[in-house]
Amino acid sequence: MATGESPESIDHLCHDADTCDGGEGCRHRRCCNPAHLTAATLGQNSARTKAGVQRDTCRRGHPRTPDNIYESPSGARQCRICNRERQRVQTPQQRRRAGTGDRRPEGMSAEQLVEWALEGQEGDACWFWPHLARSREGYTKVRVNRRTLLAHRLVYEVRVGSVPPGAVVDHACHDPRTCRGGPSCRHRACINPSHLIATSREVNTSRGRASHRKPDECKWGHPFTPENTYMTPKGARTCRTCRAARLRESRERHKVRSGWADGRHRAGGQCRNGHDVADVGVDEHGDCRGCLADRQARSNETRRERRAQTRPRPGWVDGRRRADGRCRNGHDLAEAGVGSTGRCRACRRAEYEKRKAKDTTAFASFTPTATAPKPMGPASPGTRAALPPGREPLGRPCGCLRLWSSMAHSRYSGSNIT
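Computed from a predicted structure; not experimentally measured.

With that settled, the discussion passes to the nonpolar core. Within soluble globular proteins, side chains that are nonpolar generally end up buried alongside one another. One finds W129, V155 and I191 to be the most contacted residues of the largest nonpolar core, which totals 19 residues. Only α4 (110–118), β5 (141–144), α5 (151–159) and β7 (167–171) provide two or more residues apiece to this core. Excluding residues within four positions of it along the chain, V155 makes contact with V114, L118, W129, V160, I191, P193 and L196. Counting 6 residues, the second-largest nonpolar core is a separate cluster that includes C327, L333, C344 and C347.

Take a look at the structure:
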């Protein structure tokens, strides 16, 4: 648009091959200044790009000689001096992964290597092998004579003596009372000869398990006695003294407002919603009955509103009333009335009479067996119990039958009555 031309390729004059390597990281490729743009062929553009990539020095000015150039598997050239400078600032874990963590002098024997590692380390504190990170198990491993050895075992064999057959080198600096052991134990990497002892494998294992034993006291010093120990549903131990203290603090925190006897009632005898507790009373949980009644009223009102929002059928006011004021069974709701839930009372009476007639028919069809009378006692399950002599079934349902029919008729209809 600035020149009115459409060349084969456009090159950036602001690109300097001596200071920029080009490629995807070149910031000049995004330049849109018309004064920095020129028409060029593809060959000229590629030649200027290659001149920047194949220059004789790296970005920091190190010469790209055959001895200082490293060819990566992808074909990229890297400066060895720059690589060494980057490796010096890496963490021990990064150096260990890169294989350049052990920066010891080459050509050392085992004795010379131990002397080099312990040089300058003094005092009774734990000593660690220089420039080496710990393994996943927490130990420090050293490569000696094409063998990988534990650093603390190598130091013990050189400074103290040979390890007896079947024995292991243990760290005396490890205290089971203060250290949990395992891979996170920093004593596993200690190479101080005064902290190393040769013991059997069983003793070493027992000292490691001692770190995982359950303490005899809680963190506040209360002993875990049977009377002071509470087992949670998950099987964890809890100090009863500390648990009671936490409960007391929790109760005190709930008394946040002044003028309140507790979290539910005010000092004047009213609940949080203003009901007089002495008049309305409380339930078995200590909740105000007036609040419960208000909550139930709000729930019923919400239920009625949701029912009113439901789309009724043609000719119906809602799911229970027709437009002419009758229920689904044809009863006049103005005469029959409705219950607290909006249900027709005539329908409820008809259902009650139907169940009552069905119970009476089931009782009238009952006939005792003609077997010999059995001694009185609990009847075995699944057998028919006969009535004693002189006892006949009643001609009408009694209160027991009504109770039985209302509670279990749907399940035990047709069963024998003892």
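We now examine the pattern of salt bridges. Applying the stated criterion across every chain, the model contains 4 salt bridges. The partner of E301 in a salt bridge is R304, with the nearest N and O atoms 2.9 Å apart. Taken as a pair, E301 and R304 lie in helix α9 (residues 289–309) at a separation of 3 residues, close to a single helical turn. Take E301: its relative accessible area is 37%, and that puts it in the partly exposed class.

Quick look at the packing of aromatic side chains now. Under the counting rule described, the total for this entry stands at 0 aromatic pairs. Between R237 and the ring centre of F224, over which it is positioned, the NZ or CZ distance is 4.2 Å.

Let us look at the environment of R343. Mapped onto the secondary structure, R343 falls in the loop between α10 (333–336) and α11 (345–364). The class for R343 is partly exposed, based on a relative accessible area of 33%. In the structure, R343 is positioned 16 residues away from C327 in sequence and 8.6 Å away in space, judged by C-alpha atoms. Here the side chain of R343 touches E351 through a polar contact of 2.7 Å, side chain to side chain.

Our focus in this paragraph is the environment of S340. Looking at where S340 falls in the secondary structure, it is placed in the loop between α10 and α11. Taking the C-alpha atoms as reference points, S340 and N300, separated by 40 residues in sequence, lie 9.1 Å from one another.

Averaged over every residue, the pLDDT of the chain is 75; the share at 70 or more is 71%. Put simply, helix α12 (residues 399–412) is where the chain has its lowest mean pLDDT, 47, and α5 is where it has its highest, 91. Scored below 50 in pLDDT, residues 403–418 makes 13 contacts in the model with residues more than four places away or belonging to other chains.

So, about the state of the cysteines. Evaluation of the coordinates by the stated rule reveals 0 disulfides. C271 takes part in no disulfide bond, and the closest cysteine sulfur to it belongs to C291, at a distance of 3.5 Å. According to the relative accessible area criterion, C271 is buried, its value standing at 2%. There is no disulfide at C288, and the cysteine sulfur nearest it, in C271, is 3.8 Å away.

Moving on: the packing of α4 against α5. Following both chains from N to C, one finds α4 and α5 inclined at 110 degrees, their axes separated by 10 Å at the closest point. On the basis of their axis angle, the class for α4 and α5 is roughly perpendicular. Contact residues: α4 offers A110, E111, V114, E115 and L118, while α5 offers L154, V155, V158 and R159. Here the residues of the contact of α4 with α5 sort into 6 nonpolar, no polar and 3 charged.

For the rest of this paragraph, the subject is a positive patch on the surface. Together, K219, R240, R243 and R246 give the surface a local cluster of positive charge. Inspection of the secondary structure assignment puts R246 in helix α7 (residues 240–254). By relative accessible area, which is 45% here, R246 ends up partly exposed.

Calculation criteria
Residues numbered from 1 in each chain as written. Predicted model: local features only at pLDDT ≥ 70, side-chain atom pairs only at ≥ 80, totals over all residues. Heavy atoms only, no water. Core = buried A, V, L, I, M, F, W, Y, C linked by side-chain atoms within 4.5 Å. Buried < 20%, exposed > 50% of the residue type's maximum accessible area, 1.4 Å probe, protein only. Helix = DSSP H or I, 4+ residues; strand = E, 2+ residues; numbered from the N terminus. Contact = heavy atoms within 4.5 Å. Salt bridge = Lys/Arg side-chain N within 4 Å of Asp/Glu carboxyl O. Phe/Tyr/Trp six-rings, centres within 6.5 Å; stacked < 30°, edge-to-face > 60°. Lys NZ or Arg CZ within 6 Å of the ring centre and 35° of its normal. Polar contact = N/O pair within 3.5 Å; in protein donor to acceptor, adjacent residues only side chain to side chain. pLDDT = per-residue confidence, 0-100. Disulfide = S-S within 2.5 Å. Axes fitted to C-alpha atoms, helices over the stretch in contact; angles between N-to-C directions. Parallel < 35°, antiparallel > 145°, perpendicular 65-115°, else oblique. Nonpolar A, V, L, I, M, F, W, Y, C, P; charged D, E, K, R; others polar. Patch = residues over 30% accessible without salt bridge, like charges linked within 9 Å, V, L, I, M, F, W, Y side chains within 5 Å. Areas by Shrake-Rupley, 256 points an atom, 1.4 Å probe, with all protein chains shown as cover. Lys, Arg positive; Asp, Glu negative; His and termini not counted. Charge placed at Lys NZ, Arg CZ, Asp CG, Glu CD.

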